[in-house]
There are 2 protein chains.
Amino acid sequence: MIDFSKLDKTIHEKGRLSIMTLLASRAEAWPFQDLKSELDMSDGNLITHLRTLSTAGYVDSIKITGDGRPQTQYSLTAPGRKAFLDYLAILEQILDLGK
Amino acid sequence: MIDFSKLDKTIHEKGRLSIMTLLASRAEAWPFQDLKSELDMSDGNLITHLRTLSTAGYVDSIKITGDGRPQTQYSLTAPGRKAFLDYLAILEQILDLGK
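Quick caveat: nothing in here was measured; it's all calculated off a predicted structure.

Enquirer: Is there a simple way to explain the environment of leucine 97 of chain A in this structure?
Expert: Inspection of the secondary structure assignment puts leucine 97 of chain A in helix α5 (residues 78–98). Once residues within four sequence positions are removed from consideration, leucine 97 of chain A is found in contact with Met1 and Ile2 of chain A together with Thr21, Ala24 and Ser25 of chain B.

Below, the structure written as structure tokens:
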């Protein structure tokens with residue numbers, strides 16, 4: 001039987017799940033504005049979720065300054081990628097059992 | 001890109017997700033006590049989640065009386081199974097994008 005207690009609540013919340021999925025979908029970091037437009041999320045929600053994920057050690061950010069406006073970019077940390085892969089493993093179990 | 005707005009919140013909540021997965025895992029209905037022991041959930045939580053899923057039209061219940069104590073059994077409705085399959089389809093998209 002699936003151990004649902006292992007389903008990481010930090011990741012499972014719908015907004016954070018969408019962010020983690022996007023960050024995991026490519027190696028390059030994601031600029032804040034790209035995340036915002038892709039996820040159709042308000043600045044406030046996105047900032048709150050990113051802060052929660054950073055506090056959990058799952059997401060890193062770096063500030064890019066240079067020509068034009070400074071930009072913050074986000075990417076998964078190694079523990080974040082591991083936590084997300086563990087999370088996906090449970091999704092696979094749900095799919096196996098549920099279909 | 002995945003449309004996370006389609007991720008059904010009634011199903012996505014962790015407790016209800018575990019119940020829907022169990023109910024979908026076999027054709028036969030699930031007695032309350034079996035759900036409770038399999039999911040390691042309190043009576044109160046399980047009753048609350050089952051009520052939410054019934055209100056949403058996703059779960060049906062029938063009371064079995066006969067020898068011994070009366071027993072309530074739960075199963076997915078047709079709309080419930082459809083909603084769960086739609087939910088699983090989004091999980092598959094997350095897996096495709098996230099791995």
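Enquirer: I tried to follow the UniProt feature "domain: Winged helix DNA-binding" (unreviewed entry) in chain A on my own but got confused; where do I start?
Expert: UniProt tags residues 16–95 of chain A as "domain: Winged helix DNA-binding" (unreviewed entry). In residues 16–95 of chain A, helix accounts for 60% and strand for 18%; the two terminal C-alpha atoms are 21 Å from one another.

Enquirer: I keep staring at the interface of chain B and chain A and nothing clicks. Help me out?
Expert: As a measure of interface size, the accessible area lost when the parts come together is often cited. On the chain A side, the residues contacting the 27 residues of chain B number 27 residues. Carbon and sulfur atoms supply 75% of the area that chain B and chain A bury against each other, a total of about 2,400 Å² over both sides. The largest contributions to the chain B side of the interface with chain A come from Phe4, Lys14 and Leu95 of chain B, which together make up 24% of the buried area. Where chain B packs against chain A, one counts 2 salt bridges. Here glutamate 92 of chain A and lysine 99 of chain B are joined by a salt bridge, their closest N and O atoms 3.1 Å apart. In this assembly, chain B and chain A are joined by 7 residue pairs in polar contact (both at pLDDT 80 or more).

Enquirer: Before we go on, may I ask you to explain the packing of helix α2 (residues 14–24) of chain B against helix α5 (residues 78–98) of chain B in this structure?
Expert: To characterise two packed helices, one gives the angle between the axes of the helices and the distance between these axes. All names here are of chain B. Remark: α2 packs on α5, axes separated minimally by 11 Å, with the N-to-C direction vectors making an angle of 110 degrees. As summarised for this structure, α2 and α5 are arranged roughly perpendicular, according to the angle between their axes. Both α2 and α5 take part in a crossing whose hand is left-handed. Here α2 contributes Leu17, Met20, Thr21, Leu23 and Ala24 to the contact with α5, which in turn contributes Gly80, Arg81, Phe84 and Tyr87. Looking at the contact of α2 with α5 residue by residue, the classes come out as 6 nonpolar, 2 polar and 1 charged.

Enquirer: How should I be thinking about the nonpolar core in this particular structure?
Expert: Soluble globular proteins tend to bury their nonpolar side chains together. Counting 60 residues, the largest nonpolar core has Ile94 of chain A together with Ile94 of chain B as its most contacted members. When near neighbours in sequence (up to four residues on either side) are disregarded, isoleucine 94 of chain B contacts Leu17, Thr21, Phe84, Leu88 and Leu91 of chain A together with Ile2 and Phe4 of chain B.

Enquirer: Looking at this structure, how should I read the layout of surface pockets?
Expert: In this structure, the largest pocket encloses a volume near 300 Å³. Contributing to the lining of the largest pocket are 15 residues, with Phe4 and Ser5 of chain A together with Leu39, Asp40 and Met41 of chain B lying nearest its centre. Residue contributions to the lining of the largest pocket peak at 3 residues, all from α2 of chain B. By volume, the second largest pocket is sized at about 230 Å³. Lining of the second largest pocket is provided by 14 residues; of these, Ser18, Leu39 and Asp40 of chain A together with Phe4 and Ser5 of chain B occupy positions nearest its centre. Residue assignment for the lining of the second largest pocket shows that the elements contributing at least two residues are α2 (14–24) and α3 (32–39) of chain A. With 3 residues, α2 of chain A is the single largest residue contributor to the lining of the second largest pocket. Across the lining of the second largest pocket, the residue classes tally to 5 nonpolar, 3 polar and 6 charged.

About the thresholds
Residues numbered from 1 in each chain as written. Chains lettered and ligands numbered in written order. Predicted model: local features only at pLDDT ≥ 70, side-chain atom pairs only at ≥ 80, totals over all residues. Heavy atoms only, no water. Helix = DSSP H or I, 4+ residues; strand = E, 2+ residues; numbered from the N terminus. Contact = heavy atoms within 4.5 Å. UniProt positions renumbered as here; feature names shortened; annotations may be inferred. Buried area = accessible area lost by both parts, 1.4 Å probe. Salt bridge = Lys/Arg side-chain N within 4 Å of Asp/Glu carboxyl O. Polar contact = N/O pair within 3.5 Å; in protein donor to acceptor, adjacent residues only side chain to side chain. Axes fitted to C-alpha atoms, helices over the stretch in contact; angles between N-to-C directions. Parallel < 35°, antiparallel > 145°, perpendicular 65-115°, else oblique. Left-handed = near helix turned anticlockwise from the far one by under 90°. Nonpolar A, V, L, I, M, F, W, Y, C, P; charged D, E, K, R; others polar. Core = buried A, V, L, I, M, F, W, Y, C linked by side-chain atoms within 4.5 Å. Buried < 20%, exposed > 50% of the residue type's maximum accessible area, 1.4 Å probe, protein only. 1 Å grid on protein atoms, 1.4 Å probe; cavity = no way out; pocket = protein on both sides within 12 Å on 5 of 7 lines; lining within 4 Å. Points joined across faces, edges and corners; volume = space filled by probe spheres on them.

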